[in-house]
Amino acid sequence: MTKSEVIEQLLPKRRSAPRAAATAFAPANIALCKYWGKRDAELNLPTASSLSISLGKLGSEVTLAPRAGHDRFTLNGQLIAPESSFARRAAAFLGLFRPAPDFYYDVTATNTVPTAAGLASSASGFAALTLALNELFAWKLDRRKLSILARLGSGSASRSLFEGFVEWHAGRAPTGMDSFAEPLATKWPDLRIGLVVLSDKEKPIGSRDAMAQTRDTSPLYAVWPETVARDLVALKEAISQRDFTQLGEVAEGNALAMHATMLAARPAILYFLPESIEAIHTVHALRAEGCEVYFTMDAGPNLKLLFRKADLRYVIKGFPEVQVVAPFAT
Ligand code: PMV
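**Notes on the overall build of the protein**
Scanning the protein for helices and strands turns up 9 helices and 13 strands. In terms of overall dimensions, the protein is globule-like: its C-alpha atoms have a radius of gyration of 20 Å, near the 20 Å expected for 330 residues. When the backbone C-alpha atoms are referred to their principal axes, the protein occupies close to 60 × 40 × 40 Å. Relative to its full complement of 330 residues, the protein shows a buried share of 52%. In the structure as shown, the protein presents an accessible area of about 14,800 Å², 55% of it carried by carbon and sulfur atoms. Here the protein holds 37 positive side-chain charges and 33 negative ones, and the gap between their average locations is 5 Å.

**Let's talk about the site of the ligand**
Neighbouring residues of the ligand: 13 residues in total, closest Tyr35, Ser154, Ser156, Arg159 and Ser207. One nitrogen or oxygen atom from the side chain of serine 156 is found 2.7 Å from an oxygen atom belonging to the ligand. Of the residues that constitute the shell around the ligand, the class distribution is 5 nonpolar, 5 polar and 3 charged.

**Notes on the nonpolar core**
Judged by nonpolar contacts, the single largest core of 87 residues is most densely connected at Leu64 and Tyr105. The greatest single-element share of this core, amounting to 8 residues, is contributed by helix 3 (residues 122–136). Discounting residues that sit within four places of it in the chain, leucine 64 has contacts with Ala20, Ala21, Ala22, Leu94, Tyr105, Asp106, Val107, Leu129, Ala132, Leu133 and Leu136. Formed by 16 residues, the second largest nonpolar core is a distinct cluster that contains Ile280, Leu286, Phe307 and Phe319.

**Comments concerning the environment of threonine 23**
If you trace the backbone, threonine 23 turns up in strand 1 (residues 22–33). C-alpha separation for the pair threonine 23 and leucine 136, spaced 113 residues apart in sequence, amounts to 8.2 Å. Beyond its immediate sequence surroundings of up to four residues, threonine 23 is in contact with Glu61, Val62 and Thr63. At 2.8 Å, the side chain of threonine 23 forms a polar contact with the side chain of threonine 63.

**Regarding the pairing of strand 4 (residues 50–67)**
Along strand 4, 13 of the 18 residues are buried, which leaves the element largely enclosed by surrounding structure. Examined bridge by bridge, strand 1 and strand 4 share 10 bridges and lie antiparallel to one another. The partner of alanine 31 across the bridge, within strand 4, is serine 52. Taken together, the 8 bridges between strand 4 and strand 7 (residues 104–111) define a ladder with antiparallel strand orientation. Bridged to leucine 64 within strand 7 is valine 107.

**Quick word on the environment of alanine 26**
Relative to the helices and strands, alanine 26 resides in strand 1. Between the C-alpha atoms of alanine 26 and glycine 176, which are 150 residues apart in sequence, the distance is 22 Å. Ignoring sequence-local partners within four residues, the contact set of alanine 26 consists of Gly59, Ser60, Ser124, Ala127, Ala128, Leu131 and Ser160.

**Structural notes on helix 3**
For the α-helix, the turn length of 3.6 residues means that residues three or four positions removed from each other point alike. For helix 3, spanning 15 residues, the distance from its first C-alpha to its last is 20 Å, which sits close to the expected 21 Å at 1.5 Å a residue. Within helix 3, 13 of the 15 residues are buried, which leaves it mostly tucked inside the rest of the structure. Of the residues flanking the end of helix 3, it is alanine 138, one or two places downstream, whose phi is positive at about 50 degrees.

**Points about helix 2 (residues 85–94)**
Here helix 2 has its buried residues at Ala87, Ala90, Phe93 and Leu94. The buried residues of helix 2 all sit within an arc of 130 degrees when viewed along its axis, so they share a single face. Exposed side of helix 2, more than 90 degrees from the buried face: Arg88 and Ala92 are the residues found there.

**Observations regarding the pattern of salt bridges**
The tally for this structure, following the rule as stated, stands at 11 salt bridges. One salt bridge connects aspartate 298 with lysine 304, and the closest N-O pair in it is separated by 2.9 Å. Judged on exposure class, the residue aspartate 298 and its partner lysine 304 are both buried. Linked through salt bridges whose partners overlap, the residues forming this network are Lys34, Asp298 and Lys304.

**Some words on the sheet that holds strand 12 (residues 303–308)**
Pairing within the open sheet is antiparallel, and its 4 strands lie in the order 11-12-10-13. Because the sheet does not close on itself, it has two edges, and the strands there are strand 11 (294–296) and strand 13 (323–325). Taken pair by pair, the neighbouring strands of this sheet meet at an average axis angle of 30 degrees, ignoring direction. Lying over the sheet, helix 7 (residues 244–263) contacts strand 10 (191–196), strand 11 and strand 12, oriented at roughly 35 degrees with respect to strand 11.

Thresholds applied
- Counting starts from 1 at the beginning of each chain's written sequence and moves along it residue by residue.
- It should be noted that, the model being predicted, local features are given only for residues of pLDDT at least 70 and side-chain atom pairs only at 80 or more, the latter also being counted only at that level, while totals for whole chains, interfaces and linings use all residues.
- Computation of side-chain values: all heavy atoms of the structure, hydrogens and water removed.
- Secondary structure elements are defined from DSSP: runs of H or I of at least 4 residues count as helices, runs of E of at least 2 residues count as strands, and each element is numbered from the N terminus.
- Only C-alpha atoms enter the radius of gyration; for comparison, a globular chain is expected to reach 2.2 Å times N to the power 0.38, where N is the number of residues.
- Any residue under 20% of the maximum accessible area for its type is buried, any over 50% is exposed, and the rest in between are partly exposed; the area is computed with a 1.4 Å probe on protein chains only.
- Surface exposure here means Shrake-Rupley accessible area, sampled with a 1.4 Å probe, where a residue is shielded only by the protein chains that are shown.
- A residue counts as positive if it is Lys or Arg and as negative if it is Asp or Glu; His and the chain ends are not included.
- We put the charge of a Lys on NZ, of an Arg on CZ, of an Asp on CG and of a Glu on CD.
- Nearness here has a simple test: a residue counts as near a molecule or strand if at least one of its heavy atoms is within 4 Å of that partner.
- Pairs of N or O atoms are called polar contacts if they sit within 3.5 Å, as long as, within protein, a hydrogen donor faces a hydrogen acceptor (for residues adjacent in sequence, only side-chain-to-side-chain pairs).
- Charged means Asp, Glu, Lys or Arg here, nonpolar means Ala, Val, Leu, Ile, Met, Phe, Trp, Tyr, Cys or Pro, and polar covers whatever is left, Gly included.
- Throughout this description, the term nonpolar core refers to a set of buried Ala, Val, Leu, Ile, Met, Phe, Trp, Tyr and Cys residues connected via side-chain atoms within 4.5 Å.
- Residue contacts are defined here by distance: any two heavy atoms, one from each residue, within 4.5 Å place the two residues in contact.
- Pairs of strands are assigned from DSSP output, requiring at least two bridges between the strands.
- Take the residue count of a helix, subtract one, and multiply by 1.5 Å to get its expected span.
- Summarising the geometry, the arc corresponds to the directions from the helix axis toward the C-beta atoms.
- By salt bridge we mean one thing: a side-chain nitrogen of Lys or Arg within 4 Å of a carboxyl oxygen of Asp or Glu.
- All axes here are fitted lines through C-alpha atoms, helices being fitted over the stretch that makes contact, and every angle between N-to-C directions spans 0 to 180 degrees.

Below you can see the structure in the form of structure tokens.
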């Protein structure tokens, strides 16, 4: 099935004329149980479910307006070259939603994640684009359908439609209509995320290619879906019981298992920098001293810390530059 066929099934049959402009915001999210491996690369359908936490006010705001001639992209106040990877990915996604072949978009995006934070902005970016399209054309789609549409831009974007803890169901249907994200009810006000930025350089290999290479060549990939299934159950239990130790241990173990699986790919996929290893040792040293802090890592060298509000001052001792997010702050 193609992306266009999925879209045809989801969008209202009677289409209204676009508004003059529409603006939407979506939060960034960090997976505690990772998405790493697709069962369908065209539709970004995952092999396994995943679970994330959204970062509140940190994310992407997108304004869309119709435009003649060609698409135009402005990111954080700067006009972006059409051949840049940002513009090409956004244009490919928007190209799925042109009401007429000569209909183009003026896209103004602002990332509230500090630009140098080394956090992937594709999840919040595609989620905000989807929400802005929903406003621009007054589709009035529910969040589940919007989550499916955002997934067509980037898998993890399906989770950025929601606040707090979010589970993305892998689904089984070849159409992907059962592969959407949903929020969990639990709120955890004293939970904190710490962003530890070690490098904002372009990563050596993007997640799409890295996932395919892992699946095709890593001897450890065979056990990855089972690991995810077990970790997902344990994480949901930790969240519903507010068991921070279990949450941290499972999230850290899941991230390391994902990276171990990638390391065993041939050639190896190595996102760690020497600084990443050093930071991991700092996390472990803090834990040995009684400060309960855990980390997770994605397709890049930076660490994301998990800790509770009461431990903030100890975490800052180990990581003076940490940027702290309170995901459940009102
Ligand atoms: O959605 P993508 O293609 O950017 O992949 C995201 C992959 C990870 O961030 C490493 C894991 C995840 O679940 O977010």
